[in-house]
Amino acid sequence: MAEERRFRSASGAPIALRRRQHSASCRELAVRGPRLQLRSLSAATSAVWLAAYGLFALSENSMVLSAAILITLIGLIIYLHFVKIDQESLLVIGSLGIQVTSSYASGKESTTFIEMGRVKDVVINEAIHMQKVIYYLCILLQDPEDPQGVSEVVPLFQSSKPRLDCLIEVYKSCQEILEQRKTAPQSS
Amino acid sequence: ENSPAPLPERAIYGFALFLGSWFGFILYLIWAYIPEAWLFSLGLTYWPQKYWAVALPVYLLVAVGIGYILLFGINMMSTAPLNSTHTITDNYAKKQQQKKFQEEAIPALRDIPISEVNRMFFLPEK
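Here the residue numbering is sequential within each chain, running from 1 through the sequence in written order. Chains carry letters and ligands carry numbers; both start at the beginning, A for chains and 1 for ligands, and go up in the order they are written. Since the coordinates come from a predicted model, pLDDT governs what is reported: local features require at least 70, and pairs of side-chain atoms require 80 or more to be given and counted, while whole-chain, interface and lining totals use all residues. Only hydrogens and water are set aside; all other atoms, that is, all heavy atoms of the structure, feed into the side-chain values.

**A short note on the overall build of chain A**
Counting from the N terminus, the helices are DSSP H or I runs at least four residues long and the strands are E runs at least two residues long. Tallying secondary structure elements over chain A gives three helices and nine strands in all. The linear arrangement of helices and strands in chain A, starting from the amino end, is β-β-β-α-α-β-β-β-β-β-β-α. A globule of 188 residues ought to have a C-alpha radius of gyration of about 16 Å, yet chain A, at 21 Å, is considerably larger. Counting only C-alpha atoms and orienting by the principal axes, one finds that chain A spans roughly 75 × 35 × 30 Å. Scored against the burial criterion, the 188 residues of chain A give a buried share of 37%. Here, residues are in contact when the closest pair of their heavy atoms is within 4.5 Å. A separation of at least 24 residues holds for 43% of the contacts in chain A among residues at least 6 apart in sequence. Throughout, radius of gyration means the C-alpha value; the globule benchmark is 2.2 Å times the number of residues raised to the power 0.38. Only protein chains enter the accessibility calculation, which uses a 1.4 Å probe; a residue whose area is less than 20% of its type maximum is buried, one above 50% is exposed, and one in between is partly exposed.

Okay, structure coming up:
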């Protein structure tokens, strides 16, 4: 079963959270950001081309215009493939681990899997980020030998930056799965 | 012993500093404005170049302006990134001792782990 709810990101952009329950101990939470807007794309392209035309008017060198076209095309491809993240998803499988996937606008997907033995907890942390204090969801990792200490912190949803109401939904869903760890028999 | 009250010694220090700073300022004005020929005719030849009379204040003011930006930048650089454990805990919290719980007493001050804080805030008790 899947349900989708609308929220806002930290900067005010509309985002959507989709929750799917695959089984009793497996849940997928996906946060989708806004797609590349036509108006921002045209604004950026016009700015670059106007600047290039101004340079051409000053220097009478037509290479400036071709260079501007190339820069726009290559810049757009690089932006779509490496920068613009459309969807970030979290797949929590109770006995196995947590998988974090980022899907870029060009279709590229980058995935990280963390096994359950290394996961200590999923918490909402507050930290200072660029002159603001933001809430962000993060996975606390533990060393298998030292279950009391936190060895690493993996922040999630870094590019869509949901606000606290969305984070609380994701947190509750994850905690329901993680609590089953304690009641289920441990197998090392 | 360390009170901020006015004392005779402090009044004397203050007055000596006041006179000294006026003397330094008049000396600076003399050095900056009086032509070299007149100072040489008096026999005072060992002065630094007059270039420094303008350069040093400019250096100072530019340093103050850069200092604002530098301080801002240093602050931003020493803020812990989002993926560091310093946002969660630190050495004092790791080594803290767990005091025993006593009945009817105020619980001892301690650093509560973030998992516990999260459960208290975000998971409603049924």
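Now, onward.
**Section: the interface of chain A and chain B**
Residue-level contacts link 24 residues of chain A with 17 residues of chain B. Between Lys or Arg on one side and Asp or Glu on the other, a salt bridge is scored when a side-chain nitrogen of the former is within 4 Å of a carboxyl oxygen of the latter. Joining chain A to chain B, the criterion identifies zero salt bridges. We call two N or O atoms a polar contact when they sit within 3.5 Å, provided that within protein one can donate a hydrogen and the other can accept it, with sequence-adjacent residues counted only if both atoms are side-chain atoms. Inspection of the region where chain A meets chain B yields five residue pairs in polar contact (both at pLDDT 80 or more). Broken down by secondary-structure element, the contributors of at least two residues to the side of chain A that touches chain B are β7 (119–129), β8 (132–141), β9 (152–155) and α3 (164–183) of chain A. No other element matches β7 of chain A, which puts seven residues into the side of chain A that touches chain B. Classification used: nonpolar for Ala, Val, Leu, Ile, Met, Phe, Trp, Tyr, Cys and Pro, charged for Asp, Glu, Lys and Arg, polar for all others including Gly. Residues belonging to the side of chain A that touches chain B are distributed by class as follows: 14 nonpolar, six polar and four charged.

**Section: the domain arrangement of chain A**
Residues and elements named next belong to chain A. Domain boundaries assigned for chain A yield domain 1 (2–36 + 83–183) and domain 2 (38–82). For domain 1 versus domain 2, the separation of C-alpha centres amounts to 37 Å. Contact with domain 1, which involves seven residues of that partner, is made by nine residues of domain 2. The term buried area refers to how much accessible surface (probe radius 1.4 Å) is lost by two components on association, counted for both of them together. Here domain 1 and domain 2 share an interface that buries about 780 Å² over both sides, 62% of which is from carbon and sulfur atoms. Of all residues in domain 1, L36, V83 and K108 give up the largest surface area on contact with domain 2, accounting jointly for 66% of the area buried on that side. If you look at where domain 1 meets domain 2, you find five residue pairs in polar contact (both at pLDDT 80 or more). Throughout, the edges of the domains are those of an automatic or database domain assignment.

**Comments concerning the pairing of β8 of chain A**
Residues and elements named next belong to chain A. Counting buried positions along β8 yields seven of 10 residues, so the element is predominantly enclosed. Any two strands are treated as partners once DSSP identifies two or more bridges connecting them. In this sheet, β8 lies alongside β7 in antiparallel orientation, the contact comprising 10 bridges. Bridging across to β8, N125 finds its partner in Y136. Counting the residues in the hairpin turn of β7 and β8 gives two residues, including M130, whose phi is positive at 55°.

**Considerations on the UniProt feature "transmembrane region" (unreviewed entry) in chain B**
What UniProt calls "transmembrane region" (unreviewed entry) maps, in this numbering, to residues 12–34 and 54–74 of chain B. Segment residues 12–34 of chain B splits into 96% helix and 0% strand. End C-alpha atoms: 32 Å apart. UniProt positions are given in the numbering used here, feature names are shortened, and annotations may be inferred rather than shown by experiment.

**Digging into the sheet that holds β7 of chain A**
Residue and element names in this part refer to chain A. Strands sit in the order β7-β8-β9 across an open sheet of three strands; the sheet is antiparallel. Sheet topology places β7 and β9 at the edges, where each strand pairs with a single neighbour. Strand-to-strand twist across the sheet, computed as the mean angle between neighbouring axes with direction ignored, equals 40°. The strands that α3 touches are β7 and β8; relative to β7, the one it contacts most, it runs at about 160°. To get an axis, fit a line to the C-alpha atoms, keeping to the stretch in contact for a helix; angles then go from 0 to 180 degrees between the N-to-C directions.

**Details of the nonpolar core**
The nonpolar side chains of soluble globular proteins are, as a tendency, buried together. Ranked by internal contacts, the top residues of the largest apolar core, which has 30 residues, are L90, I98, L137, I139, L156 and V170 of chain A. Taken together, the elements giving at least two residues each to this core come down to β2 (14–23), β3 (26–32), β4 (85–93), β5 (97–104), β7, β8 and α3 of chain A. Among the buried residues, those of types Ala, Val, Leu, Ile, Met, Phe, Trp, Tyr and Cys that are joined through side-chain atoms within 4.5 Å form a nonpolar core.

**What about the environment of N118 of chain B?**
Within the secondary structure, N118 of chain B is located in helix α5 (residues 114–122). Residue N118 of chain B is classed as buried on the basis of its relative accessible area of 2%. Remark: the alpha-carbon pair of N118 of chain B and E36 of chain B, spanning 82 residues in sequence, is separated by 75 Å. Ignoring any residue separated from it by four or fewer positions in sequence, one finds N118 of chain B in contact with V123, I124 and Y171 of chain A together with L123 of chain B.

**Quick word on the pattern of salt bridges**
Residues and elements named next belong to chain A. Tallied over the entire structure, the rule returns seven salt bridges over all chains. For D86, the salt bridge is made with K84, and the minimal N-O distance between the two is 3.8 Å. Given a relative accessible area of 16%, D86 falls into the buried group. Shared partners join several salt bridges into a network, and the residues in it are E3, R5, R19 and E169.

**Remarks on α3 of chain A**
For a helix, the expected span equals 1.5 Å multiplied by the number of residues minus one. Spanning 20 residues, α3 of chain A covers 29 Å between terminal C-alpha atoms, matching the ideal 28 Å at 1.5 Å per step. Every buried residue of α3 of chain A is listed here: C166, L167, I168, E169, V170, Y171, S173, C174, Q175, I177 and L178 of chain A.

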